[in-house]
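Chains, contacts and geometry: an overview
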Amino acid sequence: MTGSSSKGGNNSYDYSFKILLIGDSGVGKSSILLSFISNSVHDLSPTVGVDFKIKMVNVGGKRLKLTIWDTAGQERFGTLMSSYYRGAHGIILVYDVTRRETFTNLSDIWAKEVELYSTNQDCIKVLIGNKVDKDSERAVSREEGMALAEEHKCSFLECSAKTRENVLQCFKELIVKILEVPSLLEKGPVIIKQQILKQKPGYQAPHNGGCCS
Amino acid sequence: MKALRRSHTSSSSSNSSSPSFSSSGSSSWIHLRSVLLIVNSSSAASCSSSDRGHLKSPWSRRIKKHALTPRQWRRLFTSDGKLHDGGVKFLKKVRSVGVDPSIRAEVWPFLLGVYDLNSSKEERDTIRTQKRKEYEKLRRQCRLLLKHSNESFKLNESSKPSINIDSGSLVQYTDSSSFEDVVSARESLSSEERSPDVEYSDDPCITLLEGDDSSRQKTTNTDASALNTESSDSDSSEDPEAVIQASSSSEGQEKNERDEPSKEFISPSRTELHLSAPAAENFATWQRIIRVDAVRDNSEWIPYFQSYASVSEDRACCSAEAVGLKDYEHLEPCQIFHAARLVAILEAYALYDPEIGYCQGMSDLLSPIVTVITEDHEAFWCFVGFMKKARHNFRLDEVGIRRQLNIVSKIIKCKDSHLFRHLEKLQAEDCFFVYRMVVVLFRRELTFEQTTCLWEVMWADQAAIRAGIGKSAWSRIRQRAPPTDDLLLYAIAASVLQRRKLIIEKYNSMDEILRECNSMAGQLNVWKLLDDAHDLVVNLHDKIEASF
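Residues numbered from 1 in each chain as written. Chains lettered and ligands numbered in written order. Predicted model: local features only at pLDDT ≥ 70, side-chain atom pairs only at ≥ 80, totals over all residues. Heavy atoms only, no water.

Focus on the overall build of chain A
Assigned secondary structure in chain A consists of 7 helices and 6 strands. Secondary structure of chain A in N-to-C order comes out as β-α-β-β-α-β-α-β-α-β-α-α-α. In chain A, 73% of the contacts between residues at least 6 apart in sequence involve partners at least 24 apart. (Helix = DSSP H or I, 4+ residues; strand = E, 2+ residues; numbered from the N terminus. Contact = heavy atoms within 4.5 Å.)

See the structure below:
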């Protein structure tokens, strides 16, 4: 029920948003997600493939269901993974402020990936510089981050998944922006596309369901 | 491969009348569930009873039997150190009961094809020395490249802070003083402390580098041009070649998949041809990601490698420095030491098999091997043996992954048409939800001990196939299940089938199944899984093999 409302039951919500976390390996995508979801911080193994977490939040009087997708940082499995870009309402582009190449790769690689694969024209992007707790090792200045954000017309924040500084704000910033875009609150193009694909014969009545042919 | 192109959003459901995220959903869904419940319970019962009825898994006797013991292992050898009957008895034993942890380091090189099953002790000693030298040569090349890329990084830091390597700095790097630095760094590398008999002089790599200036220059330039090509590719987000390969392979897929996996395997280029990967990644990229991943390997293996307890902080830091590890200050000495070993071996592998290089997930596969095998060069060659098959999981064209997901899908379709129809309804019949299990061979879902058990059994099957111990030999010894190259995929299908009821009754989107699969950790019994996998092999092997 992308972008549409659902009432009734304990899991009711006004809107459901799909959010993606992308960026280089080891910039802290999974840690940001964990920090946001469970308030805990610990070392995580590299993400293989994709994973997602669901969180219900209240923003601006609306009850929202967030499905946040965490992806592997190495872009090797592009064609298999790119399908997950589809229908995203929001994309969080993450770099590590202590590793400059993770910042340059955002514009060199990841921004292009997003352009190529994301299906929602109005999809909201936010640029996040992670690991500000390691300020002495900083290799990308705040100003550079802001400049890149401006270039890609997105919001910019610096955070630390470790200290949880600004983590909530990153998501809030994104959600508030999504809520301002009417097209993202309607049934997105994804749903329409899916219904076209759904021309297969419908679900068979359960009594036909045999086993072990 | 249309089905692989997911068009789902996280919350969308294929059945528009049912809510997407609620097991307690609408009344119509509850109704549907109750109908399904009845169907499932009866069909599941008929399934298992019919399977159990006609063929018995060899693993069902595992409770009475113990893993291959050190004593049994020694008895398997003749006086000249050859395995009796070409290893048939050995493999049969391992595939039924696994290996005692105390002899894993000795047994794995046989399972992974480092040593031939018919080799004598003498032959193995020769191979061991030869392979150790080959590994050391790869390590030397890695250190040269690392040093070079660090220099290049510093040079470029202010202007263009990329990791691209330019030919200028490569030439500069051939300077003889840098070479000496590398040799001294090498001496501090942990694993090589224990190899005092290393000979430097007879190494072709050294000879090459110590040769006259013109030949040195020539070699270096070749490398540099290869590096340049790759680094310019890395600017584009899509590698045209990879795209073409991917599309043509999906069209001609059926043909490809009929090929035996062994035919599909392209022998890794010789080390002399290194850095020829047609990838949008280059060696410097791999070096960087390897280091990022090595320090975040999970520490579950620590209790399994007691000699790590004696690693001093100095020694750990020394080994970390030798491979250029960063950001390890928060780790325990034994973790630092382990991470440094992972880096050394993964980097050598990237050079050895540049078509694959390094891909995330490979550290998951290496970590248990490094834990079990204390010598880096032995661990490296075991890893090479493991990767002969597993490398397809990391191919840029994704053919290996697609083939395996297809087989899992096919197994589920043949075994449980009801579950399969449910997956089709959710557009999940491509089985993308088992992706992680396929890529890292259950490493994330099983504990260290469980993983090693599963892998040993799987390796024994693959070793049997390599040694040509085919169906006839197994039937002669009255073991019905033929060895298969794809035991893992049967185990993956089994883990999904074990959850059929839950999937059919409660899950109405691919995402929910993915989440179920990604949270299987700690929920699996490895011997039950192998039992079920084996039942599937016995009943479906011919059917599945015929169609791929």
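Considering the sheet that holds strand β5 (residues 124-130) of chain A
Residues and elements named next belong to chain A. Strand order across the open sheet formed by 6 strands is β2-β3-β1-β4-β5-β6, with mixed pairing between neighbours. With one partner strand each, in any of the chains shown, β2 (50-59) and β6 (155-158) form the two edges of the open sheet. The sheet shows a mean angle of 25° between the axes of neighbouring strands, direction not considered. By the bridge criterion, 10 bridges tie β2 to strand β3 (residues 62-71) in an arrangement that is antiparallel. If you follow valine 50 over to β3, its bridge partner there is threonine 71. Each of β4 (90-96), β5 and β6 touches helix α4 (residues 142-151); the most contacted strand, β6, lies at about 155° to it. This element, helix α5 (residues 167-179), spans β1 (15-22), β2, β3, β4, β5 and β6 of the sheet and lies at about 170° to β5. (Pairing = 2+ DSSP bridges. Axes fitted to C-alpha atoms, helices over the stretch in contact; angles between N-to-C directions.)

Overview of helix α19 (residues 417-425) of chain B
Residue and element names in this part refer to chain B. For α19, the buried fraction is high: 7 of the 9 residues fall into the buried class. What α19 keeps buried is the set Ser417, His418, Leu419, Phe420, His422, Leu423 and Lys425. Directly beyond the C-terminal end of α19, a positive phi value near 55° is found at glutamine 427. (Buried < 20%, exposed > 50% of the residue type's maximum accessible area, 1.4 Å probe, protein only.)

Focus: the nonpolar core
Core analysis: the biggest nonpolar cluster contains 164 residues, and Phe90, Phe433 and Val434 of chain B have the highest contact counts within it. Those residues in contact with phenylalanine 90 of chain B that sit more than four places away from it in its chain are Leu68, Trp73, Leu76, Leu83, Val107, Phe110, Leu111 and Leu117 of chain B. If you look at the next biggest cluster of nonpolar residues, it comprises 30 residues, including Phe36, Val59, Ile128 and Phe171 of chain A. (Core = buried A, V, L, I, M, F, W, Y, C linked by side-chain atoms within 4.5 Å.)

Some remarks on the pattern of salt bridges
Enumeration over the complete set of coordinates arrives at 33 salt bridges over all chains. When the shortest N-O distance is used, the salt bridge between glutamate 355 of chain B and arginine 391 of chain B registers 2.9 Å. Here glutamate 355 of chain B is found in the loop between α15 (333-352) and α16 (362-372), whereas its partner arginine 391 of chain B is found in the loop between α17 (376-390) and α18 (399-415), with 36 residues between them in sequence. Several salt bridges converge on common partners, so that one network encompasses Asp24, Asp96, Arg99, Glu101 and Lys131 of chain A together with Arg288 of chain B. (Salt bridge = Lys/Arg side-chain N within 4 Å of Asp/Glu carboxyl O.)

A look at the environment of valine 526 of chain B
All names here are of chain B. Relative to the helices and strands, valine 526 resides in helix α26 (residues 526-547). Assessed through its relative accessible area of 5%, valine 526 is described here as buried. Beyond its immediate chain neighbours, meaning those up to four positions away, valine 526 contacts Leu446, Gln450, Cys453 and Leu454.

A look at the state of the cysteines
On inspection of all chains with the given rule, the structure shows 0 disulfides over all chains. Distance from the sulfur of cysteine 154 of chain A, which forms no disulfide, to the nearest cysteine sulfur (cysteine 123 of chain A) is 10 Å. With no disulfide partner, cysteine 517 of chain B has as its closest neighbouring cysteine sulfur the one in cysteine 431 of chain B, 8.7 Å distant. (Disulfide = S-S within 2.5 Å.)

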